[in-house]
Amino acid sequence: NEHDDVRARHAEYFLAAAGASGHEGHSSRRDTKPVTPLAPALEPEEIQAALQWSLRDRRALAPRLAVASGRHWHAQGHLREGRTWLEDSIALADDQPVVQAELLGLLGALLQDSGELGAAAAALADALNLLDGPGDETLSAWLRVMQADVRCVLGGVSIREALAECEQASVTIERANDRARLADTLVVIGKLRLWAGMSPADAETLERARAVGQETGNRAAELLAVEWLANTFVDLRIPTGEAIRCQADLLQSARGAPRAEAGVLMPLSWLYGYAGRFAEARATLSRSRAMFDTFGAAVEWAAGAMNAGAIELLAGDPVAAERVLREADQRLEALDEHGYRASIAATLAESLYAQGRYDEAHVSADTARRLAVRDDIEVQVRWRAVEARIQAQAGDADAARRLLDDAMEQTAARGPGPHGNPDGTTDAAPQFAAAAPTLAGIMLIAQGDVCSLDQRDAEAAEAYRRAHDHYCEKNAWPLARRAQYLLGTAMSVGAPAPAA
């Protein structure tokens, strides 16, 4: 009827306008031209209204409109809604394998964020099977990037192996000048480089992803880049006060996109903890996790427990840290997630050690060891630092020293170089400070504790002094105060007895 004809023309118009405005799916958008001023400024909701009508009437253009909506659902946190529409569109696209493959890729991204990692892996495998043989090479490369990301989170491949797969795929995508898909790919590469401790390459890659996302109208990739850029500041690469100011700028750029806003608030809460602003830290994290819970983003909600545990440890409350970490671990175990679980297990080991529950701390440290991929530098260092203390408590100083040496080797190659530091020294601690500032402080405190337990008080005092100076330089005041207390204790113990 005439009413339906009008709606059909509107839907076609929205689809054409979406392509001009940068909202259309990647398979039809390979140019690098900026958005033309003649293109109408469409809101994603307009495309989705047309999609809703097309799906209801089972119109053939519905799958194309779903692709045009792109990853808007992810950016806005509409995971459940997006999944329903994508699944309905996939069913209508059975005679359009390329469109169906892209829809399955978008579905895989939503499922990954929802914590349904096995289902995400299956969707991506199905998408790649649809393109078996001659087809869209850049779409295949884009799907391989997302597949490598999911496999890494599941623990099926190491971070470096996933990174190599993504970097290889990026060559294909960049050669085809598919800038929108390149933005997605750069986000994943930047995230993997962050996990691998590759600073400053991680932030540089994410800044490029953000710029390419803006250039191509790929708002979802732009926002994801902003989220992961926020996470780069948690490793104390710049002083906390400066990092908080940078986070405020990122938060402003995420306004209007609830999913991205929640993603920036989460690492910001950790920075408030470093600054000793615990009330703000807890309130900010609570807001972020509540948003993720509303979105149905189970993995991100549970990952927030790492921040919560760290904040409580900074505040000197290991019991509260244990409580939130155990809750999140149970939820992640049900999802068969490995990466965040390994980090949570390492942090849980720290909280148990702080309570003097050494046997339980050993179990958690071993869990972190088993779950962590070999190139997850943070977890590999943290569990060794806890286990070294446990061995020292048991009187095995040699085992403690070996663990600390192994932890040093995890990051030595990422420091100034294997042959020493710029000042000519060969001490590994400056290399740590340059490569992984957060881990540098952790290792210095662990060294001090091991030396103290082995009654090497002068060495303990030196390690604590360096930790104090390091944390002061980074404006991490609760950690600096703790190092100062430990330093005072070591110097008191090591001082000569007063003359009779």
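Residues numbered from 1 in each chain as written. Predicted model: local features only at pLDDT ≥ 70, side-chain atom pairs only at ≥ 80, totals over all residues. Heavy atoms only, no water.

### Section: the packing of helix α15 (residues 278-295) against helix α16 (residues 298-314)
Link 1 in the chain: For the pair α15 and α16, the least separation of the axes is 9 Å and the interaxial angle reads 170°. When the interaxial angle is binned, α15 and α16 end up roughly antiparallel. Taking contact as the criterion, the partners of Phe278, Ala281, Arg282, Leu285, Arg289, Phe292 and Asp293 in α15 are, on α16, Glu300, Trp301, Ala302, Gly304, Ala305, Asn307, Ala308, Ile311, Glu312 and Leu314.
Link 2 in the chain: Here the contact of α15 with α16 is composed, by residue class, of 10 nonpolar, two polar and five charged. (Axes fitted to C-alpha atoms, helices over the stretch in contact; angles between N-to-C directions. Helix = DSSP H or I, 4+ residues; strand = E, 2+ residues; numbered from the N terminus. Parallel < 35°, antiparallel > 145°, perpendicular 65-115°, else oblique. Contact = heavy atoms within 4.5 Å. Nonpolar A, V, L, I, M, F, W, Y, C, P; charged D, E, K, R; others polar.)

### Observations regarding the nonpolar core
Link 1 in the chain: With 152 residues, the main nonpolar core has Leu143, Leu192, Tyr274 and Tyr471 as its most contacted residues.
Link 2 in the chain: Residues contacting Tyr274, with those up to four places away along its chain left out, are Val234, Leu236, Thr240, Leu314, Thr438, Asn475, Ala476, Trp477, Pro478 and Leu479. (Core = buried A, V, L, I, M, F, W, Y, C linked by side-chain atoms within 4.5 Å. Buried < 20%, exposed > 50% of the residue type's maximum accessible area, 1.4 Å probe, protein only.)

### Looking at the side chain of Arg389
Link 1 in the chain: As for its placement among the helices and strands, Arg389 is situated in helix α20 (residues 377-393).
Link 2 in the chain: Those residues within four positions of Arg389 in sequence are excluded, and the remaining contacts are Tyr353, Ile442, Ile445, Ala446, Asp449, Val450 and Leu453.

### Regarding the state of the cysteines
Covalently bonding the sulfur atom of one cysteine to the sulfur atom of another cysteine gives a disulfide.
Link 1 in the chain: In this structure the tally under the stated criterion is zero disulfides.
Link 2 in the chain: Counting only cysteine sulfurs, Cys166 is the nearest neighbor of Cys152, a cysteine outside any disulfide, at a range of 8.7 Å. (Disulfide = S-S within 2.5 Å.)

### Observations regarding the confidence of the model for the protein
Link 1 in the chain: For the protein, mean pLDDT is 84; residues scoring 70 or higher make up 78% of the total.
Link 2 in the chain: When the criterion is pLDDT under 50, residues 27-42 qualifies, and its contacts beyond four places in sequence or with other chains add up to 30 contacts. (pLDDT = per-residue confidence, 0-100.)

### Observations concerning unusual backbone geometry
Link 1 in the chain: For the bond from Ser199 to Pro200, the omega torsion is 5°, close enough to zero to count as cis.
Link 2 in the chain: Positionally, Pro200 belongs in the loop between α10 (179-195) and α11 (201-216).
Link 3 in the chain: Not every positive phi belongs to a glycine, and Gln455 is a case in point at roughly 60°.
Link 4 in the chain: As for its position among the elements, Gln455 is in the loop between α23 (437-453) and α24 (457-473).
Link 5 in the chain: Within the chain, Asn475 stands out as a residue other than glycine whose phi angle is a positive 60°.
Link 6 in the chain: Within the secondary structure layout, Asn475 lies in the loop between α24 and α25 (477-494).
Link 7 in the chain: According to the relative accessible area criterion, Asn475 is partly exposed, its value standing at 22%.

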